[in-house]
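Coordinates in review
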Amino acid sequence: NEEEESAEHAERLLDEAENLFLRSHSSNPNERLSNIVYNQVIDAWSRRSLPMKEAGVIAGTRAENVLRRMMYNFRITGNEHMRPDVISYTGVMKAYINSPAGGEKALELLDEMNDEYMNGNGGAKPDTKAISVAIDACIKSGLSTEAEKLFSGIDDSEKSIVMFNTILTGYKNEGRCNEAESVLRRMITLSDEGYANCSPNTLSYYLCIVALSKGKDEERATRGRILFNESIQRYRGGDISCEPSTDLFNAFAQVISHSDVPCRENEVLTLLEEMESNGCTPTLESFNILIHTCSRAEANDTRNALQIAASAYNALDAAGLTADSVTYMSMIRAILNLMNDSEGKVEALTALFKKCCEGGFLNQHMINILAQDTSADEFQSITGMSWSERSDALHIDSLPFEWSQHSTSQRKN
């Protein structure tokens, strides 16, 4: 709200400035309008571009309106100092960056900048910063191919870690692990050639590893281990920009969890232990990944996996963490998939269901899974609710709100 009020206030001041100075022919530059004041208003709107679609659209539209207003006033006055420049256009791109069509808008504005430059407006020539903002906008709009084209047009000497990581973000979002690793190798090559600004950091490795977890490569666990170890080795070799992070460990744990590696629950457990020895603190996500991995254990390793899952769940309090919907869903799956004792299974699920409801983390998916994988009597014993095969489903909205008030799954009411 403060940013919006600031932008509105800046635009009102622009109105007053135009009333006073728009038609001025004074030789005193302090008495003539220039693009500086318009750029300040555009910048105010760009700061209003929050990571919400509606806010991005509004901010972008308002910023572009100021740009068009500046362009119109330049044409009617002939005041060259009022002509839009690269700062003007870059500001509008930044204002649109969080809107759904931010990438398309950025490309349109880049084309307009080039047209302006070709028509004699030297100040509108796109610079590296403008192209970098356009790349970011394209990535956030899912236009990775267009972002790649823009990036490839930048001279290596002007590329930076921020640009590279922006491109890697696009590949990460799309699970394009081969392209992500290719970019990482290019970063290392450029760094070795003396382009220090291109040297990969922890985020670079994290993005590559997440791309692997989203991809379908059968060797993703092996490739993830190579990237993970490489990042750690760079840090131990003196590259502080590759300092290990909890996110890096979690990303690699996710790769292992999604793979077909035998005894993967043991590997994830070892990785969590390595986190602490590397100065990183396991988060709830770390424990959730471990429990989820256990729930997918091989048939010949169910006992060990169940023990690991139970230990991880019971360790949350001591770690200062609170189980969430993901934790309870993973534990439910672990008990259903790994326990053979029917009575013990019902007893464990009953206690877990009660704890889940008390915490407000129940969701529809849990109800569906329990209904699907337990008998009618077991379901009633676990939940206290009746279930019949003839009913469509017991909907979360019919249950007390307190049971699901903190759930990651939204209720209808």
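None of the values given here were measured: they were computed from a predicted structure.

**Details of the overall build of the protein chain**
Each helix and strand counted, the protein chain has 19 helices and zero strands in total. Here the C-alpha radius of gyration of the protein chain, 28 Å, is well above what a compact globule of 413 residues would show, namely 22 Å. Projected onto its principal axes, the C-alpha positions of the protein chain cover 90 × 55 × 35 Å. Across the protein chain, the fraction of contacts at a sequence separation of at least 24, relative to all contacts at a separation of at least 6, is 67%. Working note: accessible area of the protein chain is about 20700 Å², and carbon and sulfur atoms make up 48% of it. Taken together, the 39 basic and 62 acidic charged side chains of the protein chain have centroids lying 3 Å from each other.

**Description of the packing of helix α8 (residues 161-174) against helix α9 (residues 177-192)**
The contact between α8 and α9 brings their axes to 9 Å, and the two run at 165°. Relative to α9, the element α8 lies roughly antiparallel. Crossing of α8 against α9: the hand is left-handed. Along the contact surface, α8 presents Ile161, Phe164, Asn165, Ile167, Leu168 and Tyr171, while α9 presents Glu179, Ala180, Val183, Arg186, Met187 and Leu190.

**Regarding the nonpolar core**
Met93, Ile135, Ile332 and Leu362 are the most contacted members of the largest nonpolar core, which has 122 residues in total. Setting aside residues no more than four positions away along its own chain, Met93 makes contact with Ala106, Leu109, Leu110, Met113, Ala130, Val133 and Ala134.

**Considerations on helix α17 (residues 342-359)**
For α17, which comprises 18 residues, the first-to-last C-alpha distance of 26 Å matches the rise-based estimate of 26 Å (1.5 Å per residue) to within 8%. If you check which residues of α17 are buried, you get Gly344, Lys345, Val346, Leu349, Leu352, Phe353, Cys356 and Cys357. Sitting at the amino-terminal end of α17 is Asp341, which places a side-chain oxygen 3.3 Å from the backbone nitrogen of Glu343. Following α17 by one or two positions, Gly360 has its phi on the positive side, about 80°.

**Some details on the environment of Gly344**
Structurally, Gly344 is set in helix α17. The exposure class of Gly344 is buried, given its relative accessible area of 15%. Separated by 13 residues in the primary sequence, Gly344 and Met331 have C-alpha atoms spaced 14 Å apart.

**Let's talk about the environment of Asn304**
In this structure, Asn304 sits in helix α15 (residues 302-314). Note: C-alpha distance between Asn304 and Cys263 (41 residues apart in sequence) is 9.4 Å. Reaching out from Asn304, the side chain makes a polar contact with the side chain of Asn266 at a distance of 3.0 Å.

**Details of the packing of aromatic side chains**
Counted by the stated rule, this structure contains six aromatic pairs. Judged by centre distance (4.9 Å) and plane angle (80°), the ring pair of Phe151 and Phe164 falls under edge-to-face. Here Phe151 is found in helix α7 (residues 144-152), whereas its partner Phe164 is found in helix α8, with 13 residues between them in sequence. Take Phe151 and Phe164: they sit in the same class, and that class is buried. Three or more aromatic residues joined by ring pairs make a cluster, and in this case those are Phe228, Phe249 and Phe252. Its guanidinium or amino end placed over the ring of Phe151, Lys159 lies 4.5 Å from that ring's centre, counting from NZ or CZ.

**Remarks on unusual backbone geometry**
Within the chain, Cys263 stands out as a residue other than glycine whose phi angle is a positive 50°. Relative to the elements of secondary structure, Cys263 occurs in the loop between α12 (246-258) and α13 (264-277). Cys263 gets classed as partly exposed once you look at its relative accessible area, which sits at 36%.

Analysis parameters
Residue indices follow the written sequence of each chain, beginning from 1 at its first position. Selection of residues for local features in this predicted model requires a pLDDT of at least 70, selection of side-chain atom pairs for listing and counting requires 80 or more, and totals for whole chains, interfaces and linings are taken over all residues. Side-chain descriptors were evaluated using all non-hydrogen atoms of the structure, hydrogens and water having been removed beforehand. Strands are runs of DSSP state E lasting at least two residues, helices are runs of H or I lasting at least four, and both sets are numbered from the N terminus onward. All radius of gyration figures rest on C-alpha atoms, and the globule criterion is 2.2 Å times the number of residues raised to 0.38. Should any heavy atoms of two residues lie within 4.5 Å, those residues are considered in contact. Surface accessibility follows the Shrake-Rupley procedure with a 1.4 Å probe radius. Residue values consider only the protein chains on display as shielding. Residues scored as charged are limited to Lys and Arg (positive) and Asp and Glu (negative), so that His and the chain ends carry no count. Working definition for charges: the position is that of NZ of Lys, CZ of Arg, CG of Asp or CD of Glu. Note on definitions: angles span 0 to 180 degrees between N-to-C directions of axes, and those axes are lines fitted to C-alpha atoms, for helices only across the stretch in contact. Any angle that falls under 35 degrees is termed roughly parallel, while one over 145 is termed roughly antiparallel, one within 65 to 115 roughly perpendicular, and all others oblique. Note on convention: near helix rotated counterclockwise from far helix by under a right angle means a left-handed crossing. Clockwise means right-handed. In this text, buried Ala, Val, Leu, Ile, Met, Phe, Trp, Tyr and Cys residues form a nonpolar core when linked through side-chain atoms within 4.5 Å. Exposure is judged per residue with a 1.4 Å probe applied to protein chains only, and the accessible area is read against the type maximum: over 50% gives exposed, under 20% gives buried, and values in between give partly exposed. Here the expected length of a helix is defined as 1.5 Å per residue gap, with one fewer gap than residues. Counted as a polar contact is a pair of N or O atoms within 3.5 Å, where, for protein atoms, one must be capable of donating a hydrogen and the other of accepting one, and residues adjacent in sequence contribute only when both atoms are in side chains. Aromatic contacts are taken between Phe, Tyr and Trp rings whose centres are within 6.5 Å, Trp giving its six-membered ring; a plane angle under 30 degrees counts as stacked, one over 60 as edge-to-face, and the others as tilted. Note on criteria: charge over ring means Lys NZ or Arg CZ within 6 Å of the ring centre, with the direction from the centre no more than 35 degrees off the ring normal.

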